Amino acid sequence: MKAFTFERATSVQDAAAKAGSVQGARFIAGGTNLLDLMKIEVETPTHLIDVNGLGFDKIEKTREGGVRIGALVSNTALAADMRIRRDYGVLSRALLAGASGQLRNKATTAGNLLQRTRCPYFYDTNQACNKRKPGSGCAAIGGYSRQLAVIGSSDKCIATHPSDMAVAMRVLDATVETVDGAGQTRTIPIADFHRLPGDTPHIDTNLKAGEFITAVTLPRPLGGEHVYEKVRDRASYAFALVSVAAVIQRDGTGRVAVGGVAHKPWRIEAADAAMPQGPQAIASRLLAGARPTHENAFKVPLVERTLAAVISEARAA
Amino acid sequence: MSNPSELELSRRGVLTVGAVTAIGVSAPVLAASENATTGASTPTIPVSFEVNGKAEHLSLDPRTTLLDALREHLHLTGTKKGCDHGQCGACTVLVGGVRINSCLTLAAMHEGDTITTIEGLGSPEKLHPMQAAFVKHDGYQCGYCTPGQICSAVAVLDEIKRGVPSHVSANLTDRPRATGAEMRERMSGNICRCGAYSNIAEAMAEVAGARA
Ligand SMILES: Cc1cc2nc3c(=O)[nH]c(=O)nc-3n(C[C@H](O)[C@H](O)[C@H](O)COP(=O)(O)OP(=O)(O)OC[C@H]3O[C@@H](n4cnc5c(N)ncnc54)[C@H](O)[C@@H]3O)c2cc1C
Ligand code: SF4
Ligand code: FES
Ligand code: FES
């Protein structure tokens, strides 16, 4: 691990100002992704700002009838909150399908959204990777790409976003709330939060330097059946090959987002509209224009089959 | 690590001697390896927390993980380092009663915290019920994963008691129960290379049953 200096933040304003102005400064929350990457020197911050003393650890009702989730609420606390379990079950389910009990106790809401890809070449500093080292190339294209993206990728990067939680937040139309070093606040719809790789795969999200996430807000509950189905290489403690988050109403209408297929949680309006027509219609709209590799072409039929399982689960409920 | 413990020193000493005989260089070997881990000028930071009921005050290189602080600075070597990347659970300890991977957190992030390691759960004279159950049911072979398994197992039963749901809970809003399926899912963050899983599950079932 490269050397860094460390401070415990006492005011969000100072923390954001410092993160925005000190070259190489980063926030640290749970640390479960950042430290993992620092140990192998994929991440090399020069200054860490520990934000754990700042609060932002509550789940509250909003005036609009939704909930505001503090950025530092742990993944366990969020999954176990009775309002989330009752009214936003897809979010509890997605969280509980991710990582391990120990990791969920430390992982935070903001950190989870900002976790970086699990592309094996991103982790291997001996390999070309445009995300880790812009301009160095992409070893995954033509390499081991079984876990990687089938849609929305570019000829610079075919990585996926690994978060389960983010897929559920996408289907729930969550909003990310932030504050910057100048005290400016803004809200970013989750749809616009993560980016596609394009020519700049080293930039994962539309956050600005030093911008601090304060909360994630969910709109009023949608009702309906909430399902999160995660397909992975073992029954627990593994990242998704494909995952489907869905909220399905009694008349068969609803909405769906897919994980494990793209650089961001994948949701397409036309696919939502096709919900009553069944898995094939939904999948063909979700994955129109997909460009899988030889190794991950299996994900295309797997999305359709997972959708079929999700729809029958919702019907049976 | 600016204050290498005796343990570290003696281990490095052995390594250095080995290197000397192999390549015929003396002092610089130690100096180089010291530099590689300490970096020349990182200031240390003070951190105070309670470990197994005892107040501890350390001054640490900011890079020191909680795991390394426990093992190398406080000589609590019960907690094990398996992968050092959050993947195996060997380093599981309780912070404020909650289980975490001590390898993926910095010691400096635990100012004022209350930490319990396997040494604090029970002693050879007075085993924690989970420790006793692991012994009774042979919940290990080599024992390397065991401290993490036991800390995790104690926390799992507490999580079930507190009503935290899991991936296998059939209904999200029901109170979870300490069934075999629930305990196995919740223990998936603790890997055992020796495959003692079924005996670990039996040990946990006994403690859960005795408490219910
Ligand atoms: C073995 C293993 C298995 C895993 N399996 C899964 C899985 O199956 N599914 C899954 O979804 N995830 C999985 N994860 C990833 C895990 O969910 C993430 O590591 C975790 O959510 C990151 O949260 P954190 O709080 O620890 O983030 P940190 O590591 O603290 O931070 C991550 C990033 O977010 C930034 N950041 C943190 N808080 C803020 C803030 N408030 N504002 C702005 N920036 C901020 C940091 O600067 C850093 O860049 C796994 C991780 C491991 C190690
Ligand atoms: S797919 Fe993206 S993350 Fe993976 S090697 Fe290519 S550029 Fe790097
Ligand atoms: S050593 Fe911490 S999880 Fe493996
Ligand atoms: S007892 Fe050997 S690794 Fe579990």
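Residues numbered from 1 in each chain as written. Chains lettered and ligands numbered in written order. Predicted model: local features only at pLDDT ≥ 70, side-chain atom pairs only at ≥ 80, totals over all residues. Heavy atoms only, no water.

Draft legend 1. Geometry of the confidence of the model for chain B. Residues and elements named next belong to chain B. Per-residue confidence for chain B gives a mean pLDDT of 86; residues scoring 70 or more make up 80%. In the predicted structure, residues 1-39 sits below a pLDDT of 50 and forms 38 contacts with residues beyond four places in sequence or in another chain. For this predicted complex, the interface confidence reaches an ipTM of 0.97, while the overall pTM sits at 0.93. (pLDDT = per-residue confidence, 0-100. Contact = heavy atoms within 4.5 Å.)

Draft legend 2. How the structure looks around helix 3 (residues 66-73) of chain B. All names here are of chain B. Burial analysis of helix 3 places 8 of its 8 residues in the buried class, which makes it a mostly covered element. Of the residues making up helix 3, those classed as buried are L66, L67, D68, A69, L70, R71, E72 and H73. Of the residues one or two after helix 3, H75 is the one with positive phi, at around 60°. (Buried < 20%, exposed > 50% of the residue type's maximum accessible area, 1.4 Å probe, protein only. Helix = DSSP H or I, 4+ residues; strand = E, 2+ residues; numbered from the N terminus.)

Draft legend 3. Molecular detail of the environment of A:T187. Residues and elements named next belong to chain A. With respect to the helices, strands and loops of the structure, T187 is situated in strand 7 (residues 185-189). A relative accessible area of 51% places T187 in the exposed class. As a C-alpha pair, T187 and T217 span 30 residues in sequence and 9.3 Å in three-dimensional space. Residues in contact with T187, not counting those within four places in the same chain, are T175, V176 and E177.

Draft legend 4. Inspection of the domain arrangement of chain B at higher detail. All names here are of chain B. Taken domain by domain, chain B holds domain 1 (45-120) and domain 2 (122-211). Using C-alpha coordinates to define each centre, domain 1 is positioned 21 Å away from domain 2. Facing the 17 residues of domain 1 at the interface are 17 residues of domain 2. Together, the buried faces of domain 1 and domain 2 total about 1300 Å²; carbon and sulfur atoms form 52% of this surface. On inspection of domain 1 and its partner domain 2, the count reaches 1 salt bridge. One salt bridge in this structure joins R99 and E159, with 3.0 Å as the shortest N-O distance. Inspection of the domain 1/domain 2 interface yields 8 residue pairs in polar contact (both at pLDDT 80 or more). Looking at the side of domain 1 that touches domain 2 element by element, the count peaks at 3 residues for helix 4 (residues 118-121). Here the side of domain 1 that touches domain 2 is built from residues that sort into 5 nonpolar, 8 polar and 4 charged. (Domains from an automatic or database assignment. Buried area = accessible area lost by both parts, 1.4 Å probe. Salt bridge = Lys/Arg side-chain N within 4 Å of Asp/Glu carboxyl O. Polar contact = N/O pair within 3.5 Å; in protein donor to acceptor, adjacent residues only side chain to side chain. Nonpolar A, V, L, I, M, F, W, Y, C, P; charged D, E, K, R; others polar.)

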